[in-house]
Amino acid sequence: MGRGSWPDPSPVSPEPSPLEQHKWRGPQKKLDPESIPSATQVIEDDQAKRGGQVYATNLRGQVPPLVTTDFVVQDQGNASPRYIRCTAYSFPCTADLAKQCKVPLAAIIKPFAAVPKNETPLYLVDHGESGPIRCNRCKAYMCPFMQFTDGGRRYQCGFCNCVNEVPAFYFQHLDHVGRRVDFYERPELSLGSYEVAATMEYCRNKKPPNPPAFIFMIDVSYANVQSGLVRLVCEELKTLLEHLPREEGAESSGVRVGFVTYNKILHFYNVKSALAQPQMMVVSDVAEMFLPLLDGFLVSFQESRSVINNLLDQIPDMFANTSENETVFAPVIQAGVEALKAAECSGKLFIFHSSMPTAEAPGKLRNRDDRKLINTDKEKTLFQPQKGVYEQLVQDCVSIGCCVDLFLFPSQYTDVATMGSVSMHTGGSVYKYSNFQVPVDGDHFLSDLRRDVEKPIGFDGIMRVRTSTGFRPTDFFGALHMNNTTDVEMAAVDSDKAVTVEFKHDDTLAEDAGALIQCALLYTTVGGQRRLRIHNLGLTCSAQLADLYKTCESDALINFFAKSAYRAMVNQPLKTVREILVNQTAHMLACYRKNCANPSAVSQLILPDAMKVFPVYMNSLMKSAALVASPDLSTDDRALQRMAVTAMGVEETQVLFYPRLIPLHNMEAVGEGLPPAVRSSDERLSEGGLFLLENGRLLFLWLSQTCAPELIQNLFNVPSLAHIGSDVRSLPELDNPQSKKLRSIIELIRQQRSHSMKLLIVKQKDQQEALLRQHLVEDKGLHGGASYMDFLCHVHREIRQLLT
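A brief report on the enclosed structure follows. These figures come from a predicted structure and were not determined experimentally.

Here the focus is a nonpolar patch on the surface. A cluster of nonpolar side chains, contributed by Met-280, Val-282 and Met-318, occupies part of the molecular surface with about 250 Å² of accessible area. Look at Met-280 and you get partly exposed, because its relative accessible area is 37%.

What follows covers the side chain of Thr-653. Looking at the secondary structure, you find Thr-653 in helix α17 (residues 650–657). Residue classification places Thr-653 among the buried residues on the basis of a relative accessible area of 0%. Among all residues touching Thr-653, those that are not within four sequence positions of it are Asp-555, Asn-559, Val-645 and Met-648.

Take helix α19 (residues 709–716) next. Of the positions making up α19, those classed as buried are Leu-711, Ile-712, Leu-715 and Phe-716. Angularly, the buried residues of α19 cover 100° about the axis, an arc narrow enough to put them on a single face. If you follow the buried residues of α19, they end up packed against β28 (690–694), β29 (699–703), α20 (737–752) and β30 (759–763).

Here we take up the state of the cysteines. Two cysteines, two sulfur atoms, one covalent bond between them: this is a disulfide. In total, this model carries zero disulfides according to the counting rule given. With no disulfide partner, Cys-403 has as its closest neighbouring cysteine sulfur the one in Cys-402, 7.3 Å distant.

Bringing the packing of aromatic side chains into the picture now. This structure, assessed with the given rule, holds 31 aromatic pairs. Pairing Phe-409 with Phe-436 gives two aromatic rings, centres 5.1 Å apart and planes at 80°, and the pair type is edge-to-face. Of the two residues, Phe-409 is situated in the loop between β18 (402–408) and α9 (416–419) and Phe-436 in the loop between β19 (430–432) and α11 (438–454); the sequence distance between them amounts to 27 residues. According to the relative accessible area criterion, Phe-436 is buried, its value standing at 8%. Taken together through their ring pairs, the aromatic side chains of Phe-352, Phe-407, Phe-409, Tyr-431, Tyr-433, Phe-436 and Phe-445 make up a single cluster. Looking at Arg-82, its charged tip hangs above the ring of Phe-71, at a distance of 4.9 Å from the centre. The aromatic ring of Phe-112 is capped on one face by Arg-533, whose charged end is 4.2 Å from the ring centroid.

Over the atoms a probe the size of a water molecule is rolled, and this reveals where empty space is left. Applying the stated criterion across every chain yields a total of ten cavities of 30 Å³ or more. Size it by volume and the largest cavity reaches roughly 240 Å³. Along the walls of the largest cavity sit 19 residues, with Gly-428, Ser-429, Lys-497, Ala-644 and Ala-647 positioned nearest its centre. Among the elements of the structure, α10 (421–425) and α16 (635–646) are those that each provide at least two residues to the lining of the largest cavity. Take the lining of the largest cavity: its biggest share by element is three residues, from α16. When its volume is computed, the second largest cavity comes out at roughly 90 Å³. Forming the boundary of the second largest cavity are 15 residues, of which Tyr-55, Gln-62, Ala-79, Tyr-89 and Leu-537 lie nearest the centre. Class assignment of the residues belonging to the lining of the second largest cavity gives a composition of eight nonpolar, six polar and one charged.

Conventions and cut-offs
Residues numbered from 1 in each chain as written. Predicted model: local features only at pLDDT ≥ 70, side-chain atom pairs only at ≥ 80, totals over all residues. Heavy atoms only, no water. Patch = residues over 30% accessible without salt bridge, like charges linked within 9 Å, V, L, I, M, F, W, Y side chains within 5 Å. Areas by Shrake-Rupley, 256 points an atom, 1.4 Å probe, with all protein chains shown as cover. Salt bridge = Lys/Arg side-chain N within 4 Å of Asp/Glu carboxyl O. Buried < 20%, exposed > 50% of the residue type's maximum accessible area, 1.4 Å probe, protein only. Helix = DSSP H or I, 4+ residues; strand = E, 2+ residues; numbered from the N terminus. Contact = heavy atoms within 4.5 Å. Arc of directions from axis to C-beta. Disulfide = S-S within 2.5 Å. Phe/Tyr/Trp six-rings, centres within 6.5 Å; stacked < 30°, edge-to-face > 60°. Lys NZ or Arg CZ within 6 Å of the ring centre and 35° of its normal. 1 Å grid on protein atoms, 1.4 Å probe; cavity = no way out; pocket = protein on both sides within 12 Å on 5 of 7 lines; lining within 4 Å. Points joined across faces, edges and corners; volume = space filled by probe spheres on them. Nonpolar A, V, L, I, M, F, W, Y, C, P; charged D, E, K, R; others polar.

As structure tokens, this is what we get:
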């Protein structure tokens, strides 16, 4: 954190209400931890104020409830916050004001966000042959921001102000307030989000797309066979293929499937429905990858069910006695690309892989995990993917809409930074199960795989973000690829993936016109239809910085800062990246203090109400695995976190950087739902009892040494804590209220998250406890990094320097 950090004897007060006067502790004038802003309190207050309510999106620039609050969205002309969240809902009018406050202006867009069952799914607008209606000049799509004039014969574009003729088939009269009389019948006029059927103009080579394909590619080298993984995957696929994603209302899935096994060479399978037995074709020349069969490789599961099940029964036995340790990797992806190309469709590769590809082949990797580089200027090279073959693979994949999902089962370093780079740029995900054992990790892996196969997804996507005059999108972060500065290319986009877009002024914004954003995503559905998914959002503009600070959203800001820091870390030393984060935090808060706060003693730390927990989140980001230079953390895990966060939405980064710590020792007192969380600090654990800690990826159950024996008996069916072995991985299903309640709480948490979470049971003073402690983010970091209190004092000193 730079300069020594000692506690500063100054009170903290968010605006506009100064917090109760600080309480000193002892003679050394220490800030009372209770008086510094609490994230759990802010979350609870928002839930109390806005939880369970309907959030109607009819007002421009209104700040939505927090991502942690339960609410129901009613689309009334602006996109739901599930689809778009902003770092601020009132943009400053000028570039100078924006520069002065240093608050990044950004939107986090999740085009395919899952919506709860009690909210309306998106309507599909179909204009037939004429296709989508859009502005002649800027090409923005028809939306609630278009103004109809001249009795309905023309409309003025809300984005570029161009006046367009209304096509004859689309003409409609206006009512007495100048609104079209069919306003409520047309989703594109009255709603913030909707879909539009695309015409041939929008298709590759002007012809309708084929439905996408899923190709399952299994590494059958010694490690995967021995661990039981190959058998486990083959068994699971027999039932999983019944649940392939399908078009709304369709009887069966249009997704076709194919199978490849590989080690040093590749085996393709012909599973044509007419065959009695599957046929294997071997390609041993991995330098020049080609597809040995066209007909019978990609098939409908419904039609070829018996041949496929036959194959899945045979694979584990075929390779049962293998001693092959070496694998290839890049040629496997290349094979998938060739198969999709030949079938003229987009699709997804599911690759189950165990080790670094060391066999002689394109994309062969060497171990470059040099711990001596940690804390030097060369540390960044550990996170840069190796160039050449993998860059070309990304291009090849994106050009045909091939998404790569990588399931890794390593026992040592595998160079995730390189192997995962293809997934990262094709809209895919990387899952990692170190030292995989079927009894311990099998369920966790299978639940990830199921979710991955079944989740809502679109293929071969191209996204454009348009804005009204005065500002424009300048930077994009996410699981995407860009060949130019405007087209965001996504081989696939699923319900978990978010794109963070930064905006900059190129002129003055007018207060009355506001700042309008339209995100248009052109994609292919799982049934092979070409569609546009449109999300619109209007923000207000103000010449007063106070309006910006009032409408800031800390959770969205942290998403932006995490992505920009994680991008910067491959080009700059980590120390520099962390200094930039502190610097920006201090600048944002100093500008507020100088321009918006009531005059008060400089010794007082004053935080904007909407940003009072920003410092605790920022400190947590700076202590995250990717950004702390410690030889105790695995390079692969750090690279994985860097990639995962790049594609995360606001709710995922919120809980990752401020994990939930939930006390469970008086579960009976809690009604439905979850007990309220407490501050993420070791001080909270010492009260004796039982706690759950979760961050969206990991789930810990912490047991205090002073846990009541009857509680242990009711949960684990053993007489005391000492009887719980270190190999206990799950909770027995016992017939008593406490056991049922705890299991239902865990189930509830798992349902809220996009990844499956394996339960880790940790006893106080156990070795495992260190794993949990690194997530107690208000304390000093185990691998370096300040406590929340020290960080706040440090930032306060920086602010005072800026102000004087």
